[in-house]
Structures are given as structure tokens and as C-alpha cells.
Amino acid sequence: MSFVDDDQRFMREALEEARRAAAAGEVPVGAVVVRDGEVVARGANAPLGQCDPTAHAEIMALREAARVLGNYRLPECTLYVTLEPCVMCAGALQHARVARVVFGAPDPKTGACGSVVDLFAELRLNHHATVSGGVCAEESAALLRAFFAERR
């Protein structure tokens, strides 16, 4: 199997988490953390349900991965997320030393992996994950569009 096939497969798992978030009335964003070809953690957006502004899918997945792996540093991990991470999430990914970030849809309003700012390209910061965007982008964007259209 190729890198591209793996990216598609793991992004589909993140999309399942996004659907779980939508079913709970949350903005449909999902994430999974992968190490050595295995999903070690999952996260779905939960700021409303948890009354927690930090309960983004990426943060939820990072928290679970740190617990499962017994370390807050995740240097051998890749995070797959359906929407480009915001500044908060990109900062958490940097602090966790995640090796790679793969996202689906770009976020032209708050994206911190190139759309608005690019934290991982900031040379003054000490960790630079490899970032890939656009994996299952249309499916990720369609979930978001449908969610917001239903609320208008």
C-alpha cells in the first residue's frame, strides 16, 4: 500500500469521527492519531458538549494519544484531521512534537497550516511537522457545508 492509500484510509477514519461530532450537534471535525500504521487515538469536536473551548477534535485526539502511549511527546505520530488546524491546535501539535499533520479541507478563516498563517513554516519556532492538505478535502468540506446549511 502507498502513502497516498494510507492517507485516504486514515482520513476516512477521521471523517467517521467528524460524523460522530455532527450527530452530537458539534461542528463536524474529526481526527485520528496514527503510529506505526495503527490508529492509537480518536477525537471528535466537543466544545459545546463539554463546555470547553479547547475541546477541538485535534486536542481530544492528542489527549487520548498521550494517555494511551504514556507520553505527551508524540514524535512518531501522524495526526489526520478533516479540517485545517487552527492556531491553538497547531500549537498543541508542535508542543507534542507530532511528526506529520494531514488535513482534509482548508480553513480560509482560521487555518494555521497555510490558509491564514503557517505555524509549521515559522522558522523561529523549534518544531516543524510535515504538513499535507487536501486529503478527502471535498468530502470534509461537504460535511461542514451540510452542517451549517442545516442551521441556517
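A brief look at the structure comes next. Keep in mind it's a predicted model, so treat the numbers as computed, not measured. (Residues numbered from 1 in each chain as written. Predicted model: local features only at pLDDT ≥ 70, side-chain atom pairs only at ≥ 80, totals over all residues. Heavy atoms only, no water.)

Across its full length, the protein carries five helices and five strands. Going residue by residue from the N terminus, the α and β elements of the protein occur as α-β-β-α-α-β-α-β-β-α. Relative to the 2.2 N^0.38 estimate, which gives 15 Å for 152 residues, the radius of gyration of the protein is 14 Å and therefore close to what a compact globule would have. Considered along the principal axes of its C-alpha atoms, the protein spans approximately 40 × 35 × 30 Å. (Helix = DSSP H or I, 4+ residues; strand = E, 2+ residues; numbered from the N terminus. Rg over C-alpha atoms; globule rule 2.2 N^0.38 Å.)

Moving on to the pairing of strand 3 (residues 77-83). Of all seven residues in strand 3, seven are buried, a share of seventy percent or more. Relative to strand 4 (residues 100-105), strand 3 is paired through five bridges, and the arrangement is parallel. From the neighbouring strand, V81 faces strand 4, where its bridge partner is F103. Following the chain from strand 3 across helix 4 (residues 87-95) to the adjacent parallel strand 4, one finds a crossover that is right-handed. (Buried < 20%, exposed > 50% of the residue type's maximum accessible area, 1.4 Å probe, protein only. Pairing = 2+ DSSP bridges. Right-handed = clockwise from strand over helix to strand, strands pointing away.)

What follows is about the packing of aromatic side chains. Applying the stated criterion across every chain, the model contains two aromatic pairs. Seen from their ring centres, F10 and Y80 are 5.4 Å apart, and the 45° between their planes marks the pair as tilted. Of this pair, F10 sits in helix 1 (residues 3-23) while Y80 sits in strand 3, and the two are 70 residues apart along the sequence. A relative accessible area of 2% means that F10 is categorised as buried. With a centroid separation of 5.1 Å and an interplanar angle of 85°, the aromatic rings of F147 and F148 are classed as edge-to-face. Using a relative accessible area of 7% as the deciding quantity, one classes F147 as buried. For F148, a relative accessible area of 35% gives the class partly exposed. A cation over a ring is seen here: R151 above F147, with NZ or CZ 3.6 Å from the ring centre. (Phe/Tyr/Trp six-rings, centres within 6.5 Å; stacked < 30°, edge-to-face > 60°. Lys NZ or Arg CZ within 6 Å of the ring centre and 35° of its normal.)

Residue C51 is not a glycine yet carries a positive backbone phi of 50°. By the secondary structure assignment, C51 is in the loop between helix 2 (47-50) and helix 3 (57-69). Looking at C51, the relative accessible area reads 71%, which means it is exposed. The phi torsion at C136 lies on the positive side, around 55°, for a residue other than glycine.

Right, let's talk about helix 5 (residues 137-151) for a bit. Helix length check: helix 5 (15 residues) gives 22 Å between terminal C-alpha atoms against 21 Å at 1.5 Å per residue, within 8%. Within helix 5, burial applies to S140, A141, L143, L144 and F147. Looking down the long axis of helix 5, one finds its buried residues gathered within 155° of arc, a one-sided arrangement. Opposite the buried face of helix 5, at more than 90 degrees from it, the exposed residues are E138 and E150. (Expected span 1.5 Å × (residues − 1). Arc of directions from axis to C-beta.)

Here we come to the sheet that holds strand 2 (residues 38-44). One open sheet accounts for five strands, arranged 2-1-3-4-5; its pairing is mixed. Every interior strand has two partners, whereas the edge strands, strand 2 and strand 5 (130-132), have only one. Pairwise comparison of adjacent strand axes, ignoring direction, gives a mean angle of 15° for this sheet. Both strand 1 (residues 30-35) and strand 2 contribute to a ladder of six bridges, which runs antiparallel. Residue pairing in the sheet places V33 in a bridge with A41 of strand 2. Of the strands in this sheet, strand 3 and strand 4 touch helix 5, which is tilted by about 60° from strand 4. (Axes fitted to C-alpha atoms, helices over the stretch in contact; angles between N-to-C directions. Contact = heavy atoms within 4.5 Å.)

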